[in-house]
There are 2 protein chains.
Amino acid sequence: MVSKALSKYVQSLHQKKYRQRHGAFLVEGGKSVLELLSSDLETEHVLVTAEFASQNRAQLPERLALVIATEYELTQLGTLATNNTALAVARLPQEKALSPTLPQSGLLLALDEVRDPGNLGTLLRLADWYGLPGVVLSPGCADPYSPKTVSATMGAFARVQLWERDLTAWLPTLAPGTGIFGADLEGDNVHRLTLRPSGVLVMGSESHGLTPAVEGCLTRRLHIPRGTSGGAESLNVAISAAILLDNFFRNQ
Amino acid sequence: MVSKALSKYVQSLHQKKYRQRHGAFLVEGGKSVLELLSSDLETEHVLVTAEFASQNRAQLPERLALVIATEYELTQLGTLATNNTALAVARLPQEKALSPTLPQSGLLLALDEVRDPGNLGTLLRLADWYGLPGVVLSPGCADPYSPKTVSATMGAFARVQLWERDLTAWLPTLAPGTGIFGADLEGDNVHRLTLRPSGVLVMGSESHGLTPAVEGCLTRRLHIPRGTSGGAESLNVAISAAILLDNFFRNQ
């Protein structure tokens, strides 16, 4: 049985305004909730169906105020079309310090106005796959803690370090010599370069690419070669990022 | 002004059953409609707003029965949240012959039960980018002519050759020696191979990977290395396909 107060609280977290006010966000679906519980994030509430509870007892700590709910209740409370497993409320993590020398020891991903929650989620999943030290988001990006983004990360939300920075202010503060890479149709062919995973890879918005001021901060423009008889004008931002990251990590 | 009969016809094409009955499909949004008009596909109807018509007169052939519609009408007729540009009805293309030796001269993409229209669209856009000779879909894949897929292809629907085949029946008919590749966590590291774009690359469903019978047809299993500190268990199917295709095309 879900109390009225808890229902109201959970539903308020569909909106960014209330996520910020309460410092909390929603995690939906059994797989994502288990990822949350095995992470360093702080969990406020866990709501599960009786069936999910009995199947995952070992992973659902006793000490947590587990609320047993029906599939109907979970679906009503959340944003998924249906939810017959679990839903949780987690605390928004505190942003850690972002050292200007971090990009010397690993490759950071920086996202410039990536507005689609699905694309953002896929990019965070990629960052998790490659074990990047983190992702820097411009203020114009989709909210990484919106239910849609969290869901699209397939659990990566619980592991990937995030920072919000005005990229044109932040990029110039990096240590001199830091590679700042971006995709550009006129850039260098990535197949002819030997890239190593350090520096910053900046990816632009779905429809407009990098903003000119951010583009001005790049130290190297990278180009993904198209097939010789290829027709498409461009690739999706997450697809481009994946190909570029594979090119950085192939020479590890 | 859109006639009642045309409205009814256009709206029926939201459903696969009627697309098949009428041999036609919907193309929504100005960019996609212009891609359609510059392709070899046959167009039945073009509905445009007056503004879009005046901005694109050169690309909207006179001979076509252009219907001028309001933004409200286009939005009502289609599936997009809003449409203030154009909507068209195109004939479903005739499937061309699929020669068993085609994969010797180029790399075909084969999709095994890819059910998400957005993923399918992104995969077709990728096939277009690399100029693949075509894509073979198992009967369990999403409909490539659903409005969502067409929209996600970003114009590639008008250029990429498609075939529907039962993969377990089709793959064994290929010429002996044809490479049949698939992704597998236990496969060979793609960074250590020199792949060339010929053969068939088979990609499996979002949640289940390749069906066992299809997996049994592979001649080589490929593995995309994860970052040494990576956390994610898997990559999205379109992301994996992109990384693999880049590895096939880098040695062109």
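Reading the values: rules and limits
Residues numbered from 1 in each chain as written. Chains lettered and ligands numbered in written order. Predicted model: local features only at pLDDT ≥ 70, side-chain atom pairs only at ≥ 80, totals over all residues. Heavy atoms only, no water. 1 Å grid on protein atoms, 1.4 Å probe; cavity = no way out; pocket = protein on both sides within 12 Å on 5 of 7 lines; lining within 4 Å. Points joined across faces, edges and corners; volume = space filled by probe spheres on them. Nonpolar A, V, L, I, M, F, W, Y, C, P; charged D, E, K, R; others polar. Buried < 20%, exposed > 50% of the residue type's maximum accessible area, 1.4 Å probe, protein only. Helix = DSSP H or I, 4+ residues; strand = E, 2+ residues; numbered from the N terminus. Pairing = 2+ DSSP bridges. UniProt positions renumbered as here; feature names shortened; annotations may be inferred. Domains from an automatic or database assignment. Contact = heavy atoms within 4.5 Å. Buried area = accessible area lost by both parts, 1.4 Å probe. Salt bridge = Lys/Arg side-chain N within 4 Å of Asp/Glu carboxyl O. Polar contact = N/O pair within 3.5 Å; in protein donor to acceptor, adjacent residues only side chain to side chain.

K.L.:
How do you make sense of empty space enclosed by the protein when you look at a structure like this?
P.N.:
Left-over empty space is what a probe sized like a water molecule reveals as it rolls over the atoms. Residue and element names in this part refer to chain A. Enumeration according to the criterion identifies 1 cavity of 30 Å³ or more in this entry. Considering only enclosed or pocket space, the largest cavity measures out at about 30 Å³ in volume. Along the walls of the largest cavity sit Leu26, Val27, Glu28, Ser32, Pro147, Val150 and Ser151, which together make up its complete lining. Residue composition of the lining of the largest cavity, by class: 4 nonpolar, 2 polar and 1 charged.

K.L.:
Would you explain the pairing of strand E9 (residues 199-203) of chain B in this entry?
P.N.:
Regular strands place their side chains on alternate faces of the sheet. Residues and elements named next belong to chain B. Counting buried residues in E9 gives 5 out of 5 residues, a clear majority hidden from the surface. A two-sided burial pattern is seen for E9, the buried positions comprising Gly199, Leu201 and Met203 on one face and Val200 and Val202 on the other. In this structure, strand E5 (residues 107-111) lies alongside E9, joined through 5 bridges in parallel fashion. If you follow Leu108 over to E9, its bridge partner there is Val200. Where strand E8 (residues 180-189) lies against E9, 3 bridges are found, and the strand directions are parallel. The residue bridging Phe181 from the neighbouring strand is Leu201, located in E9.

K.L.:
Just checking my understanding: could you explain the UniProt feature "domain: tRNA/rRNA methyltransferase SpoU type" (unreviewed entry) in chain A for this structure?
P.N.:
Here the UniProt feature "domain: tRNA/rRNA methyltransferase SpoU type" (unreviewed entry) sits at residues 107-245 of chain A. Structurally, residues 107-245 of chain A is divided into 26% helix and 22% strand, and its ends, taken at the C-alpha atoms, are 9 Å apart.

K.L.:
When you look at the domain arrangement of chain A in this model, what are you seeing that I'm missing?
P.N.:
Size of an interface, as often reported, equals the accessible area lost when the parts are brought together. Residue and element names in this part refer to chain A. Per the domain assignment, the segments of chain A are domain 1 (4-91) and domain 2 (102-249). Using only C-alpha atoms to locate each centre, domain 1 and domain 2 end up separated by 30 Å. The partner domain 2 presents 11 residues to the 15 residues of domain 1 that form the contact. For the pair domain 1 and domain 2, the summed buried area comes to about 1,000 Å², and 61% of that belongs to carbon and sulfur atoms. When residues of domain 1 are sorted by the area they lose upon contact with domain 2, Arg19, Phe25 and Glu35 head the list and together hold 40% of the total. For the pair domain 1 and domain 2, the interface holds 2 salt bridges. Where Arg159 meets Glu35, a salt bridge forms, and the shortest distance between an N and an O atom there is 2.6 Å. Remark: the boundary between domain 1 and domain 2 carries 3 residue pairs in polar contact (both at pLDDT 80 or more). Secondary structure elements with two or more residues in the side of domain 1 that touches domain 2: helix H2 (16-22), strand E1 (24-28) and helix H3 (30-37).

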